[in-house]
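One letter stands for each residue in the lines below.
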There are 2 protein chains.
Amino acid sequence: MTTTLITNIGELTTNVGVPGDVCGTIHAAAVLIDDDRIAWAGAAADAPSASATVDAGGRAVIPGFVDSHTHLVFGGDRADEFEARMSGTPYAAGGIRRTVAATRAATDAELRERLAGFVAELHGQGTTTFEVKTGYGLTVDDEARLARLAAEVTDEVTFLGAHVLPTEYTDRRDQYVDLVCGEMLAACAPHSRWIDVFCETGAFTSGEARRILDAGKARGLRARVHGNQLGHGEGVRLAVAVDAASVDHCTYLDDEDVAALAASDTVATLLPGVEFSTRQPYPDARRLLDARVTVALASDCNPGSSFTSSMPLMVALAVREMNMTVTEAVWAATAGGARALRRDDIGAIAPGMRADLVLLDAPTRIHLAYRPGVPLVRTVWKDGVVL
Amino acid sequence: MTTTLITNIGELTTNVGVPGDVCGTIHAAAVLIDDDRIAWAGAAADAPSASATVDAGGRAVIPGFVDSHTHLVFGGDRADEFEARMSGTPYAAGGIRRTVAATRAATDAELRERLAGFVAELHGQGTTTFEVKTGYGLTVDDEARLARLAAEVTDEVTFLGAHVLPTEYTDRRDQYVDLVCGEMLAACAPHSRWIDVFCETGAFTSGEARRILDAGKARGLRARVHGNQLGHGEGVRLAVAVDAASVDHCTYLDDEDVAALAASDTVATLLPGVEFSTRQPYPDARRLLDARVTVALASDCNPGSSFTSSMPLMVALAVREMNMTVTEAVWAATAGGARALRRDDIGAIAPGMRADLVLLDAPTRIHLAYRPGVPLVRTVWKDGVVL
């Protein structure tokens, strides 16, 4: 039996919270890894023996980041659109549809190579679990292909056929919703765990979204929702009504939305990379946290509105721009992401949890926000294996 | 004679500007390195032969970043102060003086190890030239020690004895200024190229600053100034009056300041990491650029107000927060930094320049802002050697 003891940890973030410290901090700590699981965590002075030892050199250890919202299977990029938007130039881009065209044109091998690059990027920045959505195919075959390719790299695949109405269905909305609920869902469900809908003016109505989510649930998929990003809408309340694991964006909320979230098991997932990259107002994280809504942070990595895969940057932005404390932000980027994926085996460092850990090149987790942009991830363990 | 041809460069940023493209972009490009210098740059189809070839795989190449403003020789950190500030908690920290105490208490070996870590961090993020200031010693021996240690890692050492008035001189300002201009300067000048003063309310008056800069110039040092960071003051006009290479911060400017800068050889160096990490308003870069002031970007890496060494993040912040175009921001972080250090051998990719280049893991320089937080630096050449 191989066990590894990571010892001389200056600051261990366990996420086994206590009042006043949701991150469950232990100083001068150690963690015992047994195969792919955490076997023990506590004060280094009390550590059990192990077959191998890693000296953390007084540095900080946190749970691996859980990025519960990405769109990583796509072709092309939209750098020109980003540049034009940042310069204030109106840009007649096809937006999501432009990536759909590039994705449809890409071969499996091309998409697989691209995805492998992103996975390496995620791992290098301390992300040990990530969700990947379809949504750049928008035909039965293309969506099924994206779901299949995504399932090669993660268990957390989300079918997002209802990302945007494809151009060819402009005057036939109902037919597209029928397709998503029928043949497309049937083709994607075998590769997917989740179903998601972009419920927003310009995308899908709450009625359409409800039909799609219900169809997915009938096929055994679980619900998540893109909602309330660009304006106030019914996304949040729909998410709560269908017991979605998460409703993502949450920029425009009324008091009823906040109360509904607080009373539910639906996580509010905030995606500050989007606001950074589109120069839009950030969601009001404090309002949610103060109302005791469970908040997660995710990257939304996609080529249009947030082409960053950096969870450390999400933590820094949450602190700088959304007035989250470092503790709240790190919790949201780890345990919060786990809740948003309804996973109880990740997001904390405690006996029985998966051995997904990040050793930082820093003495505290504060440094994730205090040293923005600096690559601070030194060593990553995923299922007990160093990546 | 060893020559290396970097070929198949998708986008080469030469900084040999032409009207409408200050970055002097060449697509499908190649660069020939001969020993420590650039021997040739142009279209790959026209490239000369070389003894070795590197295939850039269609990626982008830019000049190495020039970080003209850092404070990297210090002990301790102020993570707790950062966390408290971000949480809105008033914090009775000693600020710079706290780092002075930690620095004085550190051994040469400790400071040298820390500095080596920062140098590795800078190189890893594509910075090939960096300035380092003293200023956390504030005694003759401590300042001289910091200048000597800094000179071990860079030619661009700045004597900043006039960083803040040390506590022990609270009631004896003139005596401290005398010390800086006399014994302290004499001890630091042999290790330094530059002299700098923090000319700001709460630090040094413009009269004191002038005395100090003149004393430094009489010793053969060149002037640079910290000015107009926390409020409007005389720092910018003083910098122009003494032909300082750069005046750094430039947040609070009046029209006269802008006109003076535009008519001078003094660069306005903007440090957006400070505004990010202190939640202060960003300087108005557009006003400066539109007035044809030369603008540089630098990190100001220091443990108090901006503990980031990431020039890619400075580019992203300049685009997001200061309305600079990507082209302007990349130029400012490379050629602009070179101007701020009055160097004509770095900051561009052209025959005779030092072979300081960065190969990005991206097809365009736009990606530096489009993919914030993502480590995009793939290979760095410094003086023709891969770091």
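This text goes with the structure placed above it.
Just so we're clear, the structure is a prediction, and the values are computed from it rather than from any experiment.

Draft legend 1. Spatial organisation of the sheet that holds strand E7 (residues 127-133) of chain B. All names here are of chain B. Reading across the sheet, the 8 strands line up as E6-E7-E8-E9-E10-E11-E12-E13 and stay open at both edges, with parallel pairing between neighbours. Two strands bound the open sheet, and with one partner strand each, they are strand E6 (65-67) and strand E13 (295-297). With strand direction ignored, the average angle separating the axes of adjacent strands in the sheet is 25 degrees. Where strand E11 (residues 246-249) and strand E12 (residues 267-270) come together, 3 bridges link them in parallel fashion. Residue Val247 lies in a different strand from E12, and its bridge partner there is Ala268. Each of E6 and E7 touches helix H3 (residues 108-124); the most contacted strand, E7, lies at about 140 degrees to it. Its contacts with the sheet put helix H5 (residues 173-188) on strand E8 (156-162) and strand E9 (194-199), and the angle it makes with E8 is roughly 150 degrees.

Draft legend 2. Region of interest: the packing of aromatic side chains. Going through the model one piece at a time under the given rule, you end up with 16 aromatic pairs over all chains. For the pair Phe82(A) and Tyr370(B), a centre-to-centre distance of 5.3 Å together with 35 degrees between the ring planes defines the contact as tilted. With Phe82(A) in helix H1 (residues 79-86) and Tyr370(B) in helix H13 (residues 367-370), this pair bridges two chains. Pairing Phe74(B) with Phe118(B) gives two aromatic rings, centres 5.5 Å apart and planes at 35 degrees, and the pair type is tilted. Within this pair, whereas Phe74(B) is found in the loop between E6 and helix H1 (79-86), its partner Phe118(B) is found in helix H3, the two being separated by 44 residues in sequence. We classify Phe118(B) as buried; its relative accessible area is 4%. An aromatic cluster is built from Phe74(A), Phe82(A), Phe118(A), Tyr136(A), Phe307(A) and Tyr370(B), whose rings are joined through pairwise contacts. It is Arg224(A) that lies over the ring of Trp194(A); its NZ or CZ is 4.5 Å from the centre.

Draft legend 3. Broad picture of the relation of the copies chain B and chain A. Superposition record for chain B on chain A: RMSD 0.0 Å, screw rotation 180 degrees, translation along axis 0.0 Å. In the structure described here, the two chain copies are related by an operation that fits a two-fold rotation axis. Considering only C-alpha atoms, the residue of chain B closest to the rotation axis is Gly373(B), which sits at 2.5 Å. A share of 100% of the interface residues of chain B reappears at the interface of chain A, consistent with the copies meeting face to face through the same patch.

Draft legend 4. The arrangement of the side chain of Ser277(A) in detail. For Ser277(A), the position within the fold is in helix H9 (residues 272-278). The residues touching Ser277(A), leaving out its near neighbours within four places in the chain, are Phe82(A), Arg85(A), Met86(A), Ser305(A), Ser306(A) and Pro372(B).

Rules used throughout
Residues numbered from 1 in each chain as written. Chains lettered and ligands numbered in written order. Predicted model: local features only at pLDDT ≥ 70, side-chain atom pairs only at ≥ 80, totals over all residues. Heavy atoms only, no water. Pairing = 2+ DSSP bridges. Helix = DSSP H or I, 4+ residues; strand = E, 2+ residues; numbered from the N terminus. Axes fitted to C-alpha atoms, helices over the stretch in contact; angles between N-to-C directions. Contact = heavy atoms within 4.5 Å. Phe/Tyr/Trp six-rings, centres within 6.5 Å; stacked < 30°, edge-to-face > 60°. Buried < 20%, exposed > 50% of the residue type's maximum accessible area, 1.4 Å probe, protein only. Lys NZ or Arg CZ within 6 Å of the ring centre and 35° of its normal. Least-squares fit on C-alpha atoms with pLDDT ≥ 70 in both.

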